[in-house]
Amino acid sequence: MEGTSVHRLLALISLLSCSTNQAGLTVSPSRSQFFKGDSVSLSCEEDNISAGWTVRRNTTKRQSECKDGWGEPDGLTCKMTYMETDDTGVYWCESREGAASSSINLTVSGGSVILQSPVLPVMEGDDVTLSCQTKTPSNLPAAFIKDGSLIRTEPAGHMTLHHVTSSDEGLYKCNISGDGESPSSWISVSAEKLTAVTPPTKETTASFLPPFSLSASLKARLVFHLVVFTPYFISTLLMVSLYRLRATGSDLSVSTVMTPPSQAEPTLVDDYDDVTTEHHF
């Protein structure tokens, strides 16, 4: 019974270890917002090309993969030569077996201002620079806004967040007076690199926020705890198994030494019957 439990546990660890070795989706140019008409290249980075990774997306229209008309597949890369506003959505890599990479949110703006921000979660302690851009690149003063509140106005249109922490997570946008306001983009801060997640849902696409990074974080923590505590659990199972085997061996030895009494041995009753008592008066 204990051997079966150990084998199941090892199989679970192996499965989780495989799930963390997923493809990572990269974006070139690396940003989360684009102007209508821009081009972008999405690539699934994975050593095991035989896994059959492909780029998929979930927009307000439907969930589909690169070859379904919105991109040009080229191996593990999907190229979009002319982006439209309805290309806004959630993108990820998916294998033939259904494994999924971390997802990213891309926004295509029909306006004149976009916010250049990291498309992937940033690491705690890193510096992050946000840029407010117009269609014609310029260094105009820009106001930067987080979660609806003004952070500050930068004269050159660039703002750097130093040594970011989880408190820097939020929905960011920028405004250039006379040109307009950018769409909003979510910036995630992670304590560790995350990749494996569940494919996005339509509810996520509607809000275009990154709940998948949170799911990935929880999964990564689960894998971490399993990896850390599994050796102790296996050791405990092995010790219990050895103890039970020793206990069973001792019982067998004792039962072998103790034999039942022979019927040939006289009993007290028999001895009493053989004795004749005489009375003399």
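Cut-offs and rules
- Residues numbered from 1 in each chain as written.
- Predicted model: local features only at pLDDT ≥ 70, side-chain atom pairs only at ≥ 80, totals over all residues.
- Heavy atoms only, no water.
- Helix = DSSP H or I, 4+ residues; strand = E, 2+ residues; numbered from the N terminus.
- Buried < 20%, exposed > 50% of the residue type's maximum accessible area, 1.4 Å probe, protein only.
- Contact = heavy atoms within 4.5 Å.
- Areas by Shrake-Rupley, 256 points an atom, 1.4 Å probe, with all protein chains shown as cover.
- Polar contact = N/O pair within 3.5 Å; in protein donor to acceptor, adjacent residues only side chain to side chain.
- Salt bridge = Lys/Arg side-chain N within 4 Å of Asp/Glu carboxyl O.
- pLDDT = per-residue confidence, 0-100.
- Disulfide = S-S within 2.5 Å.

A few words now on the overall build of the protein chain. Helix and strand counts for the protein chain come out as 4 helices and 19 strands. Counting every position in the protein chain, which comprises 281 residues, the buried fraction comes to 37%. Relative to all contacts within the protein chain whose residues are 6 or more apart in sequence, the contacts with residues 24 or more apart total 60%. Surface summary for the protein chain: the accessible area is close to 17100 Å², and the carbon and sulfur share equals 57%.

Moving on, we come to the side chain of Glu-94. With respect to the helices and strands, Glu-94 occurs in strand 8 (residues 89–94). Under the relative-accessibility criterion, Glu-94 is labelled buried at 16%. Looking at Glu-94, its side chain comes within polar contact range of the side chain of Trp-92, at 3.0 Å.

With respect to the element layout, Glu-154 can be found in strand 14 (residues 149–154). With 12 residues separating them along the chain, Glu-154 and Ala-142 place their C-alpha atoms 5.5 Å apart. Leaving out residues up to four positions away in the same chain, Glu-154 has contacts with Leu-140, Pro-141, Ala-142, Phe-144 and Met-159. Within the structure, Glu-154 has its side chain in polar contact with the side chain of Arg-152 (distance 2.6 Å).

Let's shift gears to unusual backbone geometry. Omega for the bond connecting Ser-28 with Pro-29 falls within 30 degrees of zero, at 0 degrees, which places this linkage in the cis form. Looking at the secondary structure, you find Pro-29 in the loop between strand 1 (24–28) and strand 2 (33–35). Positioned with a positive phi, Asp-147 is a non-glycine residue whose angle comes to about 55 degrees. With respect to the helices and strands, the residue Asp-147 is situated in the loop between strand 13 (142–146) and strand 14. A positive phi angle, near 50 degrees, is found at His-163, a position not held by glycine. Assignment of secondary structure puts His-163 in the loop between strand 15 (158–161) and strand 16 (170–176). The class for His-163 is exposed, based on a relative accessible area of 55%.

A few words on the pattern of salt bridges. As enumerated under the stated definition, the model contains 10 salt bridges in all. In this structure, Lys-79 engages Asp-74 in a salt bridge whose closest nitrogen and oxygen atoms are separated by 3.9 Å. Residue classification places Lys-79 among the partly exposed positions, given a relative accessible area of 38%. Notably, a salt bridge pairs Lys-173 with Glu-181, separated by 3.2 Å at the nearest N-O pair.

Of the residues in the protein chain, 60% reach a pLDDT of 70 or more, and the chain-wide mean stands at 75. Considering each helix and strand of the protein chain separately, the mean pLDDT is smallest for helix 1 (residues 2–20), with a value of 42, and largest for strand 13, with 98. Low confidence marks residues 1–21, where pLDDT is under 50. Its contacts with residues over four positions away, or in another chain, come to 18 contacts. Under a pLDDT of 50 for its full length, residues 261–281 has, in the predicted model, 1 contact with residues more than four places off or in other chains.

Turning to the state of the cysteines, a few remarks are in order. One covalent bond between the sulfur atoms of two cysteine residues makes up a disulfide. For the structure on display, the rule yields 3 disulfides. Disulfide partner of Cys-44: Cys-93, at an S-S distance of 2.1 Å. Of note, the bridge from Cys-44 to Cys-93 carries an S-S torsion of about -105 degrees and is left-handed in sense. In this pair, Cys-44 is assigned in strand 3 (residues 40–45) and Cys-93 in strand 8, connecting sequence segments 49 residues apart. Just as Cys-44 is buried, Cys-93 falls in that class too. Each sulfur in the disulfide pair Cys-66 and Cys-78 lies 2.0 Å from the other. Across the S-S bond linking Cys-66 and Cys-78, the dihedral sits near 85 degrees, which makes this disulfide right-handed. Of this pair, Cys-66 sits in the loop between strand 5 (63–65) and strand 6 (72–74) while Cys-78 sits in strand 7 (residues 77–80), placing them 12 residues apart in sequence. On the accessibility criterion, Cys-66 (3% relative accessible area) is buried. Counting its disulfide-bonded cysteines in sequence order, the protein chain shows a connectivity of 1-4, 2-3, 5-6.

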